[in-house]
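Structural overview
Residues per chain, in single letters:
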Amino acid sequence: MSTKPPYVSLHFDESGATNAKLDTTDAGAAFVLESKGTWYHAGFHLTTAVVGPTVLALPYALRGMGWGPGLTSLTIVFLVTYYNYVLMSKVLDHCESEGRRHIRFREMAADILGSGWMYYVVVSVQGTINTGVGIGSILLAGDCLKIMYSDLYPDGPLKLYHFIIIVTFVLIILSQLPSFHSLRYINFASLLLCFAYTFLVVIGCFRAGASRDAPPKDYSLSSSKFNRAMNAFSSIAILAAAFGNGILPEIQATLAPPAAGKMEKGLRMCYVVIFFTFYSAAISGYWAFGNQVASNVLLTLAPDNGPSLVPTWLLGLVVVFVLLQLFAIALVYSQVAYEILEKNSADSTQGVFSKRNLIPRIILRTLYMIYCGFMAAMLPFFGDILAVVGAIGFIPLDFILPVLLYNMALRPSKTKPIYWFNISIMVIFTGVGLIGAFSSIRKLVLDANQFKLFSDDVVA
């Protein structure tokens, strides 16, 4: 089987100039981003990249804003991200029609914006997202395991970091799947799993909210205007992380060429799933617990102090489904890191499972997962990690760059509403991103005072 990538790849010299030519030595493209998928495979990848256990943090996002602003912000982010992802897909289709099929976000941005430094900016932001999601996935998986363990063995000796080690070990094994396309069936299972555990969480929240043991329902916000503003922007950053993707070009790269139009079908599939899962989880969790809801709603359903508010079997099923999907999410968001690693370490003239390529792959992917697991154990701030990653990662890549790239690549007339609508999105979310970064980092610093390194508790 040929290892040559069947598309044009852009290369950047030190001045930022581009040269379009076929690269037969790009192992990252040949092995990790092989282009064999259909539109529904892309839909599976997209759904796994967007719809995950971050839904467990959506009631916490509403907690920072209240009912009206919270649901309004949820809807705005829903619509804006769908619009932006469609625009980005159109930009990729446009470039492909001109003979420049981009398979990496960083190459597309640098080519359209005509600046070599943009290549490295996107690499840095994508790296932040990939690592942040990897850390958050491992942390949440370990935390879910600990919730179940504590319910069964309240005085058991195992700590949070023990469960993080278990999750990391499993991910090290799964990380050896060679390509993005090879995850298609795993990601289809992921789509089914997110429906399953969201349904169970919604049932659990309504049951808990109606029980006598539920905390009093209080939907009030902080009395300090400054704190209310900071909490609101942190919540928006969490929403950005929950809807964030940051790897759409790499997902579109898995489509068999020509890719034109296929991604939009995948996006429609993804957003149908988003609508049913995000809204139901956010509304039910916030209704049940108000401003007492934790950054992971499971921590509120099964509190450390006091009886569990849901049956053990329901919580157990949620934990199992969440764990299984978290493995898929960690694998999806690791693909860009793996592509970068293999582009620089693998030899595309030899087989993907040759000794020359297999040994470096095992070593590098194992080291990457160990790093993510170590950081998850050291810094257990699930909600705060989401906010920081959303502000400094997902907002630039998913809210600002798509509209800028569309205006630059397709050049709509300045007399058309779409041009100024795109400009307004870019300006508004630049401001939101800056304030969200400040507020989320501020909250991370404040929460850091509540725990010590390798704590057994996740700060909620």
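Before reading on, note that the structure itself is shown above.
Before going into details, it helps to say that this report is about the structure given with it. Within each chain, residue numbers correspond to sequence positions counted from 1 in written order. Totals for whole chains, interfaces and linings use every residue, but because this is a predicted model, local features are given only for residues with pLDDT of at least 70 and side-chain atom pairs only at 80 or more, for both listing and counting. Processing note: side-chain calculations cover all non-hydrogen atoms of the structure and skip hydrogens and water entirely.

Observations concerning the packing of helix α13 (residues 312-345) against helix α14 (residues 355-378)
Axis angle and axis distance: for two packed helices, these are the angle between their axes and the distance between the axes, and together they describe the pair. Basically, it comes down to this: Structural elements are reduced to axes, namely lines fitted to C-alpha atoms, with helices fitted over the stretch in contact, and the angle between N-to-C directions of any two is expressed from 0 to 180 degrees. What counts as a helix is a DSSP run of H or I of at least four residues, what counts as a strand is a run of E of at least two, and both are numbered from the N terminus. By definition in this entry, angles of less than 35 degrees are roughly parallel, angles greater than 145 are roughly antiparallel, angles of 65 to 115 are roughly perpendicular, and the rest are oblique. Each crossing is labelled by how the near helix is turned from the far one, with a counterclockwise turn of less than a right angle marking it left-handed and a clockwise turn marking it right-handed. Residue contacts are counted whenever heavy atoms from the two residues lie within 4.5 Å of one another. Classification used: nonpolar for Ala, Val, Leu, Ile, Met, Phe, Trp, Tyr, Cys and Pro, charged for Asp, Glu, Lys and Arg, polar for all others including Gly.
Orientation of α13 relative to α14, taken along the N-to-C sense of each, is 130°, at an axis distance of 10 Å. It follows that α13 is oblique to α14 by the angle criterion. Classified by chirality, the crossing of α14 by α13 is right-handed. Packed against α13, whose contacting residues are Ala 330, Ser 334, Ala 337, Tyr 338, Leu 341, Glu 342 and Ser 345, the element α14 presents Arg 356, Pro 360, Arg 361, Leu 364, Arg 365, Tyr 368 and Met 369 at the interface. Split by residue class, the contact of α13 with α14 holds eight nonpolar, two polar and four charged.

Section: the nonpolar core
The criterion, for reference: Take the buried residues of types Ala, Val, Leu, Ile, Met, Phe, Trp, Tyr and Cys, join any two whose side-chain atoms come within 4.5 Å, and each joined set is a nonpolar core. Think of it in three bands: with a 1.4 Å probe and only protein chains considered, a residue is buried below 20% of the maximum accessible area for its type, exposed above 50%, and partly exposed in between.
Ile 274, Phe 278, Phe 289, Leu 298 and Tyr 333 are the most contacted members of the largest nonpolar core, which has 137 residues in total. When residues in this core are grouped by element, the largest group, 16 residues, is from α13. Not counting chain neighbours up to four residues away, the residues in contact with Phe 278 comprise Val 50, Val 51, Val 55, Leu 58, Ala 242 and Phe 243.

With respect to the pattern of salt bridges
Basically, it comes down to this: A pair is scored as a salt bridge if a Lys or Arg side-chain nitrogen falls within 4 Å of a carboxyl oxygen belonging to Asp or Glu.
Enumeration over the complete set of coordinates arrives at nine salt bridges. A salt bridge links Glu 98 to Arg 100; the nearest nitrogen and oxygen atoms lie 2.7 Å apart. Taking relative accessible area as the criterion, Glu 98 reaches 46% and is therefore assigned partly exposed. Taking the shortest distance from any N to any O, the salt bridge between Arg 100 and Asp 111 comes out at 2.9 Å. Linking Arg 100 in the loop between α4 (67-97) and α5 (105-113) with Asp 111 in helix α5, this pair joins segments that are eleven residues apart in sequence. For Asp 111, a relative accessible area of 16% translates into the label buried. Shared partners join several salt bridges into a network, and the residues in it are Arg 104, Arg 106, Glu 107 and Glu 339.

As for the packing of aromatic side chains
Note the following rule: Note on aromatic contacts: the rings of Phe and Tyr and the six-membered ring of Trp form a pair at centre separations within 6.5 Å, being stacked when their planes are under 30 degrees apart, edge-to-face when over 60 apart, and tilted otherwise.
In the structure shown here, the tally under the stated rule is 24 aromatic pairs. Ring geometry for Trp 39 against Tyr 40: centres 5.7 Å apart, planes inclined by 85°, an arrangement best described as edge-to-face. Judged by its relative accessible area of 32%, Trp 39 falls in the partly exposed class. Of the residues examined, Tyr 40 reaches a relative accessible area of 37% and is grouped as partly exposed.

These figures come from the coordinates and say nothing about function on their own.
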